[in-house]
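# An overview of the molecular structure
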Amino acid sequence: PAMAGVRTFRDVAVVFDFAAGESTEWWVVFGNQRYGATVAAGVTGVSVAQQFPFVDSGQLIGLLGGGVGGGEYENLIDAPEHGTRRAWTLSFVNVLILLLIVIGNIVYLRQRRMEARQ
């Protein structure tokens with residue numbers, strides 16, 4: 001029923017691709033470039049940087065980037081929910097990873113110093 005009456009890309013207002021892989025690039029190539037469809041995307045945080053050239057060129061009209069992008073969108077529409085909480089969690093985990101890297105380096109340097117003294 002959702003696709004009733006849809007025969008060509010002209011019958012679709014916007015193609016919004018939620019992707020964890022390369023499907024956004026396929027929508028840009030075939031949907032936008034070949035058929036002139038308007039394309040927007042929501043992608044995982046790891047692949048956001050790959051999509052910026054498409055946004056800059058106008059081939060993507062919008063880009064929602066990962067969990068943080070979801071939180072930003074929720075704040076934009078003044079409806080903070082799961083994405084906003086996820087963004088805080090991601091920020092906490094990133095800080096935790098940085099702290100663990102610093103602690104690991106400190107432990108490593110101390111061990112090297114102790115070995116050098118012996």
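Quick notes on the rules
- Residues numbered from 1 in each chain as written.
- Predicted model: local features only at pLDDT ≥ 70, side-chain atom pairs only at ≥ 80, totals over all residues.
- Heavy atoms only, no water.
- pLDDT = per-residue confidence, 0-100.
- Helix = DSSP H or I, 4+ residues; strand = E, 2+ residues; numbered from the N terminus.
- Phe/Tyr/Trp six-rings, centres within 6.5 Å; stacked < 30°, edge-to-face > 60°.
- Buried < 20%, exposed > 50% of the residue type's maximum accessible area, 1.4 Å probe, protein only.
- Pairing = 2+ DSSP bridges.
- Right-handed = clockwise from strand over helix to strand, strands pointing away.
- Axes fitted to C-alpha atoms, helices over the stretch in contact; angles between N-to-C directions.
- Parallel < 35°, antiparallel > 145°, perpendicular 65-115°, else oblique.
- Left-handed = near helix turned anticlockwise from the far one by under 90°.
- Contact = heavy atoms within 4.5 Å.

With that settled, the discussion passes to the confidence of the model for the protein. Taken over all residues, the pLDDT of the protein has a mean of 88, while the share at 70 or more is 100%. Mean pLDDT per element in the protein: helix α3 (residues 66-76) is the minimum at 79, and strand β2 (residues 39-43) is the maximum at 92.

Here a ring pair, both rings aromatic, is described through the centre-centre distance and the interplanar angle of the planes. Scanning the model with the defined rule gives 4 aromatic pairs in all. Aromatic side chains Phe9 and Trp27 sit 6.0 Å apart centroid to centroid with 85° between the ring planes, which places their arrangement in the edge-to-face category. In this pair, Phe9 sits in the segment before β1 (15-19) while Trp27 sits in helix α1 (residues 23-34), placing the two residues 18 residues apart along the sequence. Ring-pair connections join several aromatic residues into one group, and the members of that group are Phe9, Trp27 and Tyr35.

A few words on unusual backbone geometry. Positive phi is not limited to glycine here, since Asp78 has a value of about 55°. Summarising the element assignment, Asp78 is placed in the loop between α3 and α4 (82-117).

Let's shift gears to the pairing of β1. Burial along β1 is one-sided: the residues Val15, Asp17 and Ala19 are buried and none of Phe16 and Phe18 is. In this structure, β1 lies alongside β2, joined through 5 bridges in parallel fashion. Counted as the bridge partner of Val15 is Val39 from β2. Of the crossover connections in this fold, the one passing from β1 over α1 to the parallel β2 is right-handed.

As a further point, take the pairing of β2. With 5 of its 5 residues buried, β2 lies for the most part within the structure. Judged from the 4 bridges that link them, β2 and strand β3 (residues 62-65) form a sheet pairing that is parallel. The residue bridging Ala41 from the neighbouring strand is Leu63, located in β3. Handedness of the crossover joining β2 and β3 through helix α2 (residues 48-57) is recorded here as right-handed.

Before going further, it helps to examine the packing of α3 against α4. The N-to-C vectors of α3 and α4 enclose an angle of 135°; their axes lie 7 Å apart at closest approach. As summarised for this structure, α3 and α4 are arranged oblique, according to the angle between their axes. Between α3 and α4 the crossing geometry is left-handed. Of the residues in α4, those in contact with Gly67, Val68, Gly70, Gly71, Glu74 and Asn75 of α3 are His82, Gly83, Thr84, Arg86, Ala87 and Leu90.

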